[in-house]
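# An overview of the molecular structure
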Amino acid sequence: MRKLLTLIQKDFLLLIRDKAGLALLYLMPIALVALMAYLQNDTFKAILDNKMALVVLDQDRDSVGSTIVSSLKQTELFNISYATANTTPQEVETDVAKGKYQLGIVIPAKTTENLRKGIGESVQYTFQPEGEPTVAQTARLTIFVDPTTKNSFLASLTSTMRERLATVQTQILLKEVSQQIQAMSPMPIGDVVLPEKLIELDERTARMDSSRLIPNAVQHNIPAWGMFAVFFIVVSLASNIIREREEGSYLRLRTMPLPYSFYLISKVIVYLCICLTQIALMGLMGRFVLPLLGLPALHFGNSHLGLLLVSLSASLAAIGYGTAIGQVARTAQQASIFGSISVVILSALGGIWIPMFVMPHTMQLVCRLSPLNWGLTAYYNLLLRGDGIASIVPQCAALLTFATICFAFAVWHERVKVRE
């Protein structure tokens, strides 16, 4: 036991002497979590607070144009400017292309007149169905978009514009139909009055019961970047193993009557403390610090024991992976480069950088092989779904199996080197 405590003390001293590396292990994930949670939480808030510049060229100067502008004002997304009467559509396009406005809308002349004429003829055909039916001409509005606008935002913006135009179209249609029928009817009739939205979407986050937590940016980012931080310790762990080998301290240890398992256990204990304190610090930050920045507080779910189990399993998997890299790599540079790049790749595959649901089906199957995905799924089950320990057993078993394979590989590789 004394030998093991001495090894633990040695590993602890090696770790704390690398103050820059130790600071990186703790400060990098904390800064990353705060930044990503803050940015994602304020994305749509920033869009609403900073209204987009929109210029309107209303050549119609009738009810259609005024109704469209009024409808756009109701969205509270745009800072609307009006082009002068002598402005041409080409000039509007040029202003948008130069970045003066994010959007430009051109409403052609006689749009209202043409719609009224078409609707009137259609109503008359309804009462006197002779000859070919008259179809109202489509009013074509032109929308110019700033070329620097991202496609994802453009799709959302276009959807909003189409929704508003559909509302305007319904309003104009009902008004014109009512007027045409009143003109043809021998007795007075009232206008058709309908609510602005006959069908409305009630968007909710699916929950098992009303007590379950509603997800937010903090609940998503703390476990995601927590997993990234835990696995990033492979760089420090693998580098320490190689440094001991290069400095000769590992050779002196192996000449002593000391089993290799003691050497591994000391590494596991020291770095397990590092991983668990990383996770604990990020959890405390999400609970107490991020709310000071205006973000929601982290909710720890319904199973604290489950969180501990996932944290232990993920930490052991990361330590096993770092130990295996330290055994195979020949230099600290090799370990650092391979360790950091492989963790970034596993993070991307695990859904840390990009959500899995946006990936192709084949890639989603590949992503399920990433140990970071196992840990992230387990954390999500506890923090977002509100599940208990039973839901994380498969992921924890996979993480512990991965750790066992890595440790077994390290032991096998060490025996092969000793024989050589």
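Residues numbered from 1 in each chain as written. Predicted model: local features only at pLDDT ≥ 70, side-chain atom pairs only at ≥ 80, totals over all residues. Heavy atoms only, no water.

## Observations regarding the overall build of the protein chain
- Along the protein chain, the regular secondary structure elements total 16 helices and four strands.
- Taken across its 420 residues, the protein chain has 41% of its residues classed as buried.
- Partitioning the intrachain contacts of the protein chain with sequence separation of at least 6 by distance along the chain shows that 80% fall at a separation of at least 24. (Helix = DSSP H or I, 4+ residues; strand = E, 2+ residues; numbered from the N terminus. Buried < 20%, exposed > 50% of the residue type's maximum accessible area, 1.4 Å probe, protein only. Contact = heavy atoms within 4.5 Å.)

## Re the sheet that holds strand 4 (residues 142-145)
- Spatially, the four strands line up as an open sheet ordered 2-1-3-4, and their pairing is mixed. Each having just a single partner strand, strand 2 (78-82) and strand 4 make up the two edges of the open sheet. For this sheet, the mean inter-axis angle between neighbouring strands, taken without regard to orientation, is 20°.
- In the sheet, strand 1 (residues 52-58) pairs with strand 2 via five bridges, with the strands oriented parallel. When the sheet's bridge partners are listed, Leu54 is paired in strand 2 with Ile80.
- Against the sheet, helix 4 (residues 63-75) contacts strand 1, strand 2 and strand 3 (103-107), and its axis sits at roughly 150° relative to strand 2. (Pairing = 2+ DSSP bridges. Axes fitted to C-alpha atoms, helices over the stretch in contact; angles between N-to-C directions.)

## With respect to the confidence of the model for the protein chain
- Of the residues in the protein chain, 73% reach a pLDDT of 70 or more, and the chain-wide mean stands at 78.
- When the elements of the protein chain are averaged for pLDDT, helix 3 (residues 43-49) gives the smallest value, 51, and helix 12 (residues 304-328) the largest, 94.
- In the predicted structure, residues 201-207 sits below a pLDDT of 50 and forms five contacts with residues beyond four places in sequence or in another chain. (pLDDT = per-residue confidence, 0-100.)

## Here we look at the pattern of salt bridges
- As enumerated under the stated definition, the model contains one salt bridge in all.
- With its nearest N and O atoms 3.3 Å apart, the salt bridge here joins Lys267 to Glu244. In this pair, Lys267 is assigned in helix 11 (residues 260-289) and Glu244 in helix 9 (residues 233-247), connecting sequence segments 23 residues apart. Here Lys267 and Glu244 have matching classes, each one buried. (Salt bridge = Lys/Arg side-chain N within 4 Å of Asp/Glu carboxyl O.)

## So, helix 13 (residues 332-349)
- Taking 1.5 Å of rise per residue, 18 residues should cover 26 Å, and helix 13 covers 25 Å from first to last C-alpha, within 8% of that figure.
- Those residues of helix 13 that sit buried are Ala335, Gly339, Ser342, Val343, Leu346 and Ser347. All buried residues of helix 13 project into a common sector of 140° when viewed along the axis, lining one side. Of the exposed residues in helix 13, those oriented more than 90 degrees away from the buried face are Gln333 and Ile337.
- Against the buried residues of helix 13 lie helix 8 (217-231), helix 9, helix 12 and helix 15 (371-383).
- Following helix 13 by one or two positions, Gly351 has its phi on the positive side, about 90°. (Expected span 1.5 Å × (residues − 1). Arc of directions from axis to C-beta.)

## Thoughts on the pairing of strand 1
- With six of its seven residues buried, strand 1 lies for the most part within the structure.
- In this region the chain leaves strand 1, passes through helix 4 and returns to the parallel neighbour strand 2; the handedness of that crossover is right-handed.
- Note: strand 1 against strand 3, five bridges, orientation parallel. Opposite Asp58, over in strand 3, you have Ile107 as the bridge partner. (Right-handed = clockwise from strand over helix to strand, strands pointing away.)

## Regarding the side chain of Asp58
- Here Asp58 lies in strand 1.
- Although Asp58 is buried, it makes no salt bridge; Arg61 carries the closest opposite charge, 5.7 Å away.
- A distance of 3.1 Å separates a polar atom in the side chain of Asp58 from the backbone nitrogen of Asp60.
- Here Arg61 takes part through its backbone nitrogen, which lies 3.0 Å from a polar atom of the side chain of Asp58. (Lys, Arg positive; Asp, Glu negative; His and termini not counted. Polar contact = N/O pair within 3.5 Å; in protein donor to acceptor, adjacent residues only side chain to side chain.)

## As for a nonpolar patch on the surface
- A surface patch of nonpolar side chains, amounting to about 400 Å² of accessible area, comprises Leu305, Leu308, Leu309, Ile389 and Val393.
- The element contributing the most residues to the nonpolar patch is helix 12, with three residues.
- Mapped onto the elements, Val393 comes out in helix 16 (residues 393-419). (Patch = residues over 30% accessible without salt bridge, like charges linked within 9 Å, V, L, I, M, F, W, Y side chains within 5 Å. Areas by Shrake-Rupley, 256 points an atom, 1.4 Å probe, with all protein chains shown as cover.)

## As for the packing of aromatic side chains
- Under the definition given, this model contains five aromatic pairs.
- With a centroid separation of 6.3 Å and an interplanar angle of 75°, the aromatic rings of Trp374 and Phe402 are classed as edge-to-face. Remark: Phe402 occurs in helix 16 and Trp374 occurs in helix 15; sequence separation between them is 28 residues.
- On the basis of relative accessible area, Trp374 is assigned to the buried category, the value being 18%.
- The class of Phe402 is buried, set by a relative accessible area of 19%.
- Three or more aromatic residues link up through ring pairs in this structure, and these residues are Trp225, Phe228 and Phe232. (Phe/Tyr/Trp six-rings, centres within 6.5 Å; stacked < 30°, edge-to-face > 60°.)

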